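If you want the building blocks of each chain, they are given just below.
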Amino acid sequence: MDPVSQRIVELLREGRAREKRQSSFYRRLAALAEEEGRADDVERLNELLADEQHHLSRLTARLLELGDHPPELPPTPGAGDLKGWQAEARAREAGEVAFYKSALARSLDDRTREILQEILHSECQHREQLRGKWMSA
């Protein structure tokens, strides 16, 4: 694999790990919201979870297209409680936006760039609205 392709694979693998952490974060919060009967939070958190899982799937599929064999990602610890979840989520989403903006400043093939741009758009919406359902099928 040439050095540019290897850097793209490494970038996509990093993105996968980030998306796994985000998915775990929202999964745990959604479960806590369900336990507490907070229906609006359950809906919002499950929407965010669905988008983050979609991001993870898109990055995994792209790695497979590039001939990589992405490693299994271990479970990651989720959130501790719902108190202040919105501030924490917004800060985490700001980190995701920064990651994808930085990724898009690199030398990428067109298909990878397209996927990362779609994910960046979704992450910007997450940061601003703390809701999901921004990814197309």
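Predicted model only: the values in this text are computed from it and were never measured. (Residues numbered from 1 in each chain as written. Predicted model: local features only at pLDDT ≥ 70, side-chain atom pairs only at ≥ 80, totals over all residues. Heavy atoms only, no water.)

Engineer: Is there a simple way to explain the nonpolar core in this structure?
Structural biologist: As a rule of thumb, soluble globular proteins bury nonpolar side chains together. Counting 17 residues, the largest nonpolar core has L11, L12, L59, Y100, L108, L116 and L120 as its most contacted members. Those elements that provide at least two residues to this core are α1 (3-35), α2 (39-65), α3 (85-104) and α4 (110-129). Setting aside residues up to four positions removed in sequence, L12 forms contacts with L59, R62, L63, L66, T112 and L116. Residues A33, L49, A89 and L130 belong to the second largest nonpolar core, which totals 14 residues. (Core = buried A, V, L, I, M, F, W, Y, C linked by side-chain atoms within 4.5 Å. Buried < 20%, exposed > 50% of the residue type's maximum accessible area, 1.4 Å probe, protein only. Helix = DSSP H or I, 4+ residues; strand = E, 2+ residues; numbered from the N terminus. Contact = heavy atoms within 4.5 Å.)

Engineer: Got a minute to help me understand the side chain of R62 in this structure?
Structural biologist: Structurally, R62 can be placed in helix α2. With a relative accessible area of 9%, R62 lands in the buried category. If we skip the residues at most four places from it in the chain, R62 touches L12, D109, R111, T112 and I115.

Engineer: What is the right way to read the environment of E43 from this model?
Structural biologist: Relative to the assigned elements, E43 resides in helix α2. With relative accessibility at 44%, the residue E43 sits in the partly exposed group. Expressed as a C-alpha distance, the spacing of E43 and L66, which sit 23 residues apart in the sequence, is 35 Å.

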